[in-house]
Amino acid sequence: MESANHIGAAQPPSTTPPAAAPDGTLGRHLARRLVQIGVRDLNAGYAADGYARAKGIGACVVTFTVGGLSVLNAIAGAYSENLPVICIVGGPNSNDYGTNRILHHTIGLPDFTQELRCFQTITCIQAVVNNLDDAHEQIDTAISTALKESKPAYISISCNLPGIPHSTFAREPIPFFLAPKVSNQLGLEAAVDAAAEFLNKAVKPVLVGGPKLRVGKAQKAFVELANACGYPIAVMPSGKGLVPEHHPHFIGTYWGAVSTSFCGEIVESADAYVFVGPIFNDYSSVGYSLLIKKEKSIIVQPNRVTIGNGPSLGWVFMADFLTALAKKLKKNSTAMENYRRIYVPPGVALKREIDEPLRVNILFKHIQEMLSGGTAVISETGDSWFNCQKLRLPENCGYEFQMQYGSIGWSVGATLGYAQAAKDKRVIACIGDGSFQMTAQEVSTMIRCGQNTVIFLINNGGYTIEVEIHDGPYNVIKNWDYTGLVNAMHNGGGKCWTTKVSTEDQLVEAISTATGVHEDSLCFIEVFVHKDDTSKELLEWGSRVSSANSRPPNPQ
């Protein structure tokens, strides 16, 4: 484990004092801090979420109250996904605090704390900067806390302060030095010994990665453990992209009744399973229907390990635990051998008729062929969750979606932010028409920023995922001319290409154009599919989640 975490510094900090910064101001200090930690393009809400997924931290700047309350939804999503997003608000003039004045953009009451109170439950720290004397300390504390906790931070800065020189900002800021979290050594040893004893007695153990691998910064340690133990490795749906799918022991997504074929059977029939960074909610558990028993499980969270019905040891950090456990386990490939015995390769889609309407499974067959280490997939809430989950990710291929919070429309802004941060990858976004209508305007910013994302707009006339949970006329939406809308945003400025496809031949031609002559353009491909053309996984998942939602009240 590294001895320290130098944020924004390629080398350990120099002992030479930093040079004086002429006209040092709060605004300049904040801007330098954001550049140091990797934030260079401040986009709002969902875009900051996407940027943080690629860079490790993001930021957005909004107006007091009217902007702050609007961005709450996106910041809550970042909180649920353990993403450090710095939300910076242009607050009231410092002279207005403590007065009875009413400000514009508020709800008309002389109370400046409404916005702050809203942010208190969805950020790990809140800083209200209305004087310059302690502004330096407040800003640095807020940013460093967000980095340490891997959660959003709220910073409100009085609008009259950023341009005023102050002595505390007279020098260039020294790069952050975040002391590493070190496990309690006795607790770590006890957890490793108990886990090794538990697993070495098992006949057919398995290893499952979850979404908190990211916050635990334990992806490398997870692979070390997988290599050492020989167990089959699976990934929870919300952890996809955090576990290497090119690993020889990777068997697919464990998602209960909608798992990858043969993966669910191997996991649920195991006599011991190690879940690393899991989140068990109603969506990931398919309406609380997982066949997992606590007494057979080891649950590894970012700072705690729980072994079956036995010990639960705190201040044991995920990466430390996995690395140490890898050295104590006997190699056991029994479950992997069982998997290879029962595995049958996926079937091939049925042969199509000439000019047959495009099917969703054909669409994703061709998207699979587009993937490489130079691409990243963004999956919107909806049936894309299930279709993208079946994509096999090549080495270094990125993958992001928002499962815990599941905010419809998240992907458009997140695609913008992710593509702006991950300049080395071409983003492929799979977005339903209903979700796109929530946040479509961000495509305009993608064009302005010169991004070359490929967006597959899946037009099936409504909120398909909601239909499978609880149907009604409210799930049918007004159809748009989506390519016409994007062409209007393009308006001759920047590089953008759009097309509509309704057959496989048209799709093949569109992908060829998007990856050929228009590889440096934003490519928007509107795909027409039947409203009832859904994945079988969504049908199963939707019925189980609907059943869980409709449980009658317990008797009183």
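The preceding data block contains the structure.
What comes next concerns the included structure. Nothing here was measured: the structure is a model prediction, and the numbers come from that model. (Residues numbered from 1 in each chain as written. Predicted model: local features only at pLDDT ≥ 70, side-chain atom pairs only at ≥ 80, totals over all residues. Heavy atoms only, no water.)

**Considering the packing of aromatic side chains**
The full count for this structure, using the stated rule, is 19 aromatic pairs. Between Tyr339 and Tyr343 the ring centres are 5.4 Å apart and the planes differ by 35°, which places this aromatic pair in the tilted class. A relative accessible area of 36% places Tyr343 in the partly exposed class. Ring geometry for Trp385 and Phe401: centres 5.7 Å apart, planes at 85°, overall edge-to-face. Remark: Phe401 occurs in strand β15 (residues 398-401) and Trp385 occurs in helix α12 (residues 383-389); sequence separation between them is 16 residues. (Phe/Tyr/Trp six-rings, centres within 6.5 Å; stacked < 30°, edge-to-face > 60°. Buried < 20%, exposed > 50% of the residue type's maximum accessible area, 1.4 Å probe, protein only. Helix = DSSP H or I, 4+ residues; strand = E, 2+ residues; numbered from the N terminus.)

**Re the environment of Ala257**
Within the fold, Ala257 resides in the loop between β9 (250-253) and α8 (263-268). Distance in space between the C-alpha atoms of Ala257 and Trp541 is 7.5 Å, their sequence separation being 284 residues. Excluding its chain neighbours within four sequence positions, the residues that come into contact with Ala257 are Val286, Glu540 and Arg544. (Contact = heavy atoms within 4.5 Å.)

**Some details on the sheet that holds strand β7 (residues 206-209)**
Within the open sheet, the seven strands sit side by side as β9-β8-β7-β10-β11-β12-β13. Their pairing is mixed. What marks the edges here is a single partner per strand, and that holds for β9 and β13 (312-314). On average, each strand axis in the sheet is tilted by 15° relative to the strand beside it, whichever way the strands run. Here three bridges tie strand β12 (residues 304-307) to β13, and the two strands are oriented antiparallel to one another. Bridge pairing in β13 links Arg304 to Gly314. Strand contacts of helix α6 (residues 185-200): β10 (273-276), β11 (297-301), β12 and β13, with the helix running at about 35° to β12, the strand carrying the most contacts. (Pairing = 2+ DSSP bridges. Axes fitted to C-alpha atoms, helices over the stretch in contact; angles between N-to-C directions.)

**Considering the nonpolar core**
The biggest cluster of nonpolar side chains holds 88 residues, and the ones touching the most others in it are Phe364, Phe436, Val443, Phe456, Ile525 and Trp541. With sequence-adjacent residues up to four places away left out, Val443 is seen in contact with Val412, Phe436, Ile455, Val486, Met489 and Leu522. (Core = buried A, V, L, I, M, F, W, Y, C linked by side-chain atoms within 4.5 Å.)

**Points about helix α7 (residues 219-229)**
Listed as buried for α7 are Ala221, Phe222, Leu225, Ala226 and Cys229. All buried residues of α7 project into a common sector of 140° when viewed along the axis, lining one side. Taken together, the buried residues of α7 touch β7, β8 (233-235), β10 and α9 (318-326). (Arc of directions from axis to C-beta.)

**Quick look at the pairing of strand β5 (residues 153-158)**
Counting buried positions along β5 yields six of six residues, so the element is predominantly enclosed. By the alternation rule, side chains of β5 split into Ala153, Ile155 and Ile157 and Tyr154, Ser156 and Ser158, which are all buried. As judged from the six bridges shared by strand β3 (residues 85-91) and β5, these two strands associate in the parallel manner. Paired with Gly91 across the two strands is Ser158, which belongs to β5. Both strand β4 (residues 125-129) and β5 contribute to a ladder of five bridges, which runs parallel. Counted as the bridge partner of Val129 is Ile157 from β5.

**A closer look at the packing of helix α11 (residues 360-370) against helix α18 (residues 504-514)**
Across the interface, α11 lies against α18 with an axial gap of 10 Å and an inter-helix angle of 20°. Taken together, the axes of α11 and α18 lie roughly parallel to each other. The hand of the α11/α18 crossing is right-handed. On α18, the residues that touch Ile362, Leu363, Lys365, His366 and Met370 of α11 are Glu504, Leu507, Val508 and Ile511. Within the contact of α11 with α18, the residues separate by chemical class into six nonpolar, one polar and two charged. (Parallel < 35°, antiparallel > 145°, perpendicular 65-115°, else oblique. Left-handed = near helix turned anticlockwise from the far one by under 90°. Nonpolar A, V, L, I, M, F, W, Y, C, P; charged D, E, K, R; others polar.)

**A short note on the environment of Asp282**
By the secondary structure assignment, Asp282 is in the loop between β10 and β11. Linking Asp282 and Ala488, residues 206 residues apart in sequence, is a C-alpha distance of 40 Å. Leave out the neighbours within four places in its chain, and Asp282 touches Gly287, Tyr288, Val545 and Asn549.

**Looking at the pattern of salt bridges**
Summed over the entire model, instances satisfying the criterion amount to 19 salt bridges. Here Asp96 makes a salt bridge to Arg101, at a shortest N to O gap of 2.6 Å. Classification of Asp96 by relative accessible area gives buried; the value is 11%. On the basis of relative accessible area, Arg101 is assigned to the partly exposed category, the value being 46%. A salt bridge links Asp532 to Lys531; the nearest nitrogen and oxygen atoms lie 3.3 Å apart. Of the two residues, Asp532 and Lys531, both sit in the exposed class. Within the structure, one salt-bridge network assembled from shared partners comprises Asp49, Arg53, Glu81, Arg214 and Glu400. (Salt bridge = Lys/Arg side-chain N within 4 Å of Asp/Glu carboxyl O.)

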